[in-house]
Amino acid sequence: QVQLVESGGGLVQSGGSLRLSCAASGMRFRDYHMAWSRQAPGKQRELVAKITRGGTTNYADSVKGRFTISRDNAKNTVYLQMNSLTPEDTAIYYCNGASILSSVGTDYGSWGQGTQVTVSS
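Presented here is a report on the structure given in the accompanying data block. (Residues numbered from 1 in each chain as written. Predicted model: local features only at pLDDT ≥ 70, side-chain atom pairs only at ≥ 80, totals over all residues. Heavy atoms only, no water.)

### Regarding the environment of Gly16
Looking at the secondary structure, you find Gly16 in the loop between β2 (10-13) and β3 (18-25). Owing to a relative accessible area of 17%, Gly16 belongs among the buried residues under this scheme. Spatially, the C-alpha atoms of Gly16 and Thr86 are 8.1 Å apart, while their sequence positions differ by 70 residues. Ignoring any residue separated from it by four or fewer positions in sequence, one finds Gly16 in contact with Met82, Asn83, Ser84 and Leu85. (Helix = DSSP H or I, 4+ residues; strand = E, 2+ residues; numbered from the N terminus. Buried < 20%, exposed > 50% of the residue type's maximum accessible area, 1.4 Å probe, protein only. Contact = heavy atoms within 4.5 Å.)

### Topic: the packing of aromatic side chains
All told, the structure shown has 1 aromatic pair when counted by the stated rule. Ring centres of Tyr94 and Trp111 lie 6.3 Å apart, and the angle between their planes is 75°; this geometry places the pair in the edge-to-face category. Placement of the pair is Tyr94 in strand β9 (residues 91-98) and Trp111 in strand β10 (residues 110-111), with a sequence separation of 17 residues. Across the ring face of Tyr79, the terminal group of Arg19 is positioned such that the distance to the ring centre comes to 4.0 Å. (Phe/Tyr/Trp six-rings, centres within 6.5 Å; stacked < 30°, edge-to-face > 60°. Lys NZ or Arg CZ within 6 Å of the ring centre and 35° of its normal.)

### What about the state of the cysteines?
In total, this model carries 1 disulfide according to the counting rule given. Put simply, Cys22 and Cys95 are joined by a disulfide, and their sulfur atoms are 2.1 Å apart. Its S-S torsion of about -80° marks the bond between Cys22 and Cys95 as left-handed, since a negative value means left-handed. One end of the pair, Cys22, is in strand β3; the other, Cys95, is in strand β9, and 73 residues separate them in sequence. (Disulfide = S-S within 2.5 Å.)

### With respect to the environment of Leu4
Here Leu4 shows up in strand β1 (residues 3-7). Distance from Leu4 to Gly112, taken between C-alpha atoms, is 4.6 Å for residues 108 residues apart in sequence. Other than its neighbours up to four places away in sequence, Leu4 contacts Cys22, Ala23, Ala24, Met27, Met34, Cys95, Asn96, Gly97, Ser110, Trp111, Gly112 and Gln113.

### Description of the side chain of Thr77
Within the element layout of this structure, Thr77 appears in strand β8 (residues 77-82). Under the relative-accessibility criterion, Thr77 is labelled buried at 9%. Engagement of the side chain of Thr77 in a polar contact is seen with the backbone oxygen of Lys75, the distance being 2.8 Å. (Polar contact = N/O pair within 3.5 Å; in protein donor to acceptor, adjacent residues only side chain to side chain.)

Structure (structure tokens):
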């Protein structure tokens, strides 16, 4: 059974940084495309960054230049380095994985429980 466990969220001041981690188990991690999505109160879920199994990355315009997604296949872990955070980045951040690239960020993939990120002004 696929399990994704996020960590690293918390409270940070505007302009600060956080690094999220997502540990995966029950899957052949290197074969999965991985992503981070977020959902703020009253807003739709937003796919913010994805990384293919080959290491190609893609970012939402809202985070481009500030967030960096990476993966360590030896540790079965995907990371999201978040810099220059603003209050608009406040949300629950979810790790997501799928073996089919088009399923990344959709309900067809596997999801973690999320980690709260709160950015104060």
